[in-house]
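# Structure assessment
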Amino acid sequence: MNDKMRILRLDASANPGESTSRVLGGRLIARLRQTGADIELRRRDLNQDVEFVDGDWIAANLTAADERDAHQRERLALSDRLLEELRWADHIVLTTPMYNFGVPATLKAWIDQVCRAGETFRYTANGPVGLLEGKSADIIITTGGAPLQSPVDFVSGYLRQIMSFIGIDRVQIFGADRMNVDAETSFAAAIDSIEKAYTDDDGREVA
Ligand SMILES: Cc1cc2nc3c(=O)[nH]c(=O)nc-3n(C[C@H](O)[C@H](O)[C@H](O)COP(=O)(O)O)c2cc1C
């Protein structure tokens, strides 16, 4: 396929070097390029520009956009930038390790910045509805010892829920779990599942 594909790549590992999740993210995007996809890539390291929500942020977010003062607009500036990146993308590639059974604090900070009522979800009588449309996501998760999909995996289900909450239901998860147990096998299995996901039943490459 030759359609333009706008990819937002988000990396959460605190390891700035050749972290496993970052390497797998690179391999996934390389695989997508192999399929002939015309990729436009924007990349964000979630360890940069980290901001936590606080009282001022909450007050600014609850104030109607046209009534916010300069301080409130400034307080939401990073969040607005992150939202602009999300809206721009057709496809999200999110890479993250498991930290203490959950997501790294940097990824949680990003999630808190982008889940905004009226922007990425809205409340209805039947519960919240996601406002992002037509997007998909590939999520890569690495762990040291915890098996993914086990009772101590508070990453996979949580990230699926967050994506669904903001309107992204087409989500694939690729895991290289238990890297401290058998790194070679885990890494190879992750590469294999990435290649299978972008190959159709006849062995042709798809995207
Ligand atoms: C702060 C910290 C907390 C971690 N917590 C867990 C954990 O709860 N369970 C687990 O299986 N591995 C845990 N790990 C191991 C990482 O998930 C594992 O090494 C992973 O492969 C790192 O991915 P990366 O190379 O992309 O950074 C932790 C690592 C760090 C640095």
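The rules behind these values
- Residues numbered from 1 in each chain as written.
- Predicted model: local features only at pLDDT ≥ 70, side-chain atom pairs only at ≥ 80, totals over all residues.
- Heavy atoms only, no water.
- Buried < 20%, exposed > 50% of the residue type's maximum accessible area, 1.4 Å probe, protein only.
- Helix = DSSP H or I, 4+ residues; strand = E, 2+ residues; numbered from the N terminus.
- Arc of directions from axis to C-beta.
- Contact = heavy atoms within 4.5 Å.
- Salt bridge = Lys/Arg side-chain N within 4 Å of Asp/Glu carboxyl O.
- Near = heavy atom within 4 Å.
- Polar contact = N/O pair within 3.5 Å; in protein donor to acceptor, adjacent residues only side chain to side chain.
- Areas by Shrake-Rupley, 256 points an atom, 1.4 Å probe, with all protein chains shown as cover.
- Nonpolar A, V, L, I, M, F, W, Y, C, P; charged D, E, K, R; others polar.
- Core = buried A, V, L, I, M, F, W, Y, C linked by side-chain atoms within 4.5 Å.
- Phe/Tyr/Trp six-rings, centres within 6.5 Å; stacked < 30°, edge-to-face > 60°.
- Lys NZ or Arg CZ within 6 Å of the ring centre and 35° of its normal.

This part takes up helix α6 (residues 156–165). It helps to recall that an α-helix has 3.6 residues per turn; residues three or four apart then point in one direction. Among all positions of α6, only Ser156, Leu159, Ile162 and Met163 are buried. Here the buried residues of α6 occupy an arc of 130 degrees about the axis, which is enough to place them on one side. Structurally, α6 contributes buried residues whose contacts are with β3 (91–97), α5 (105–114), β6 (136–142) and β7 (170–176). Phi for Gly167, located one or two positions after α6, is positive at around 105 degrees.

The residue Leu76 is located in the loop between α3 (70–75) and α4 (77–88) in this model. In this structure Leu76 comes out as buried when scored by relative accessible area, which is 1%. If sequence neighbours within four positions are ignored, Leu76 has contacts with Trp57, Ala60, Asn61, Arg68 and Arg116.

If you walk through the whole model with that rule in mind, you get 14 salt bridges. Two residues, Asp11 and Arg43, come together in a salt bridge whose shortest N-O distance is 3.3 Å. Of the two residues, Asp11 sits in strand β1 (residues 4–11) while Arg43 sits in strand β2 (residues 38–45), which places them 32 residues apart along the sequence. A residue is classified by how much of its surface remains accessible, and Asp11, at 1% relative accessible area, is buried.

To continue, consider the site of the ligand. Close to the ligand lie 15 residues; Ser13, Ser21, Met98, Asn100 and Gly145 are nearest. In this structure, an oxygen atom belonging to the ligand sits 3.0 Å away from a side-chain N or O atom of Ser19. Residue Ser21 places a side-chain N or O atom 2.5 Å away from an oxygen atom belonging to the ligand. Here the ligand, which alone exposes 650 Å², has 71% of that area covered by the protein. Residue composition of the shell around the ligand, grouped by class: six nonpolar, nine polar and no charged.

So, on to the nonpolar core. Among the nonpolar cores identified, the biggest contains 33 residues, and Leu86, Ile92, Leu94, Leu107, Trp110, Leu159 and Ile168 are the most heavily contacted of them. Those elements that place two or more of their residues in this core are β1, α4, β3, α5, β6 and α6. Of all the elements, α4 adds the most residues to this core, at five residues. Each residue touching Leu107, except ones within four places of it in the same chain, is listed here: Ala12, Leu46, Leu94, Thr96 and Leu159. Of all hydrophobic cores here, the second largest spans 17 residues; its members include Ala37, Val93, Ala190 and Tyr198.

This next bit is on the packing of aromatic side chains. Here the distance between the centres and the angle between the planes together describe a pair of aromatic rings. Taken as a whole and assessed by the stated rule, the structure comprises two aromatic pairs. Residues Phe121 and Tyr123 carry aromatic rings whose centres are separated by 5.3 Å and whose planes lie at 85 degrees to one another, so their mutual orientation is edge-to-face. The class of Phe121 is buried, set by a relative accessible area of 5%. Here Tyr123 falls in the exposed class, since its relative accessible area comes to 62%. Seen from their ring centres, Phe121 and Phe165 are 4.3 Å apart, and the 35 degrees between their planes marks the pair as tilted. Of the two residues, Phe121 is situated in strand β4 (residues 121–124) and Phe165 in helix α6; the sequence distance between them amounts to 44 residues. Across the ring face of Trp88, the terminal group of Arg42 is positioned such that the distance to the ring centre comes to 4.8 Å.

These figures come from the coordinates and say nothing about function on their own.
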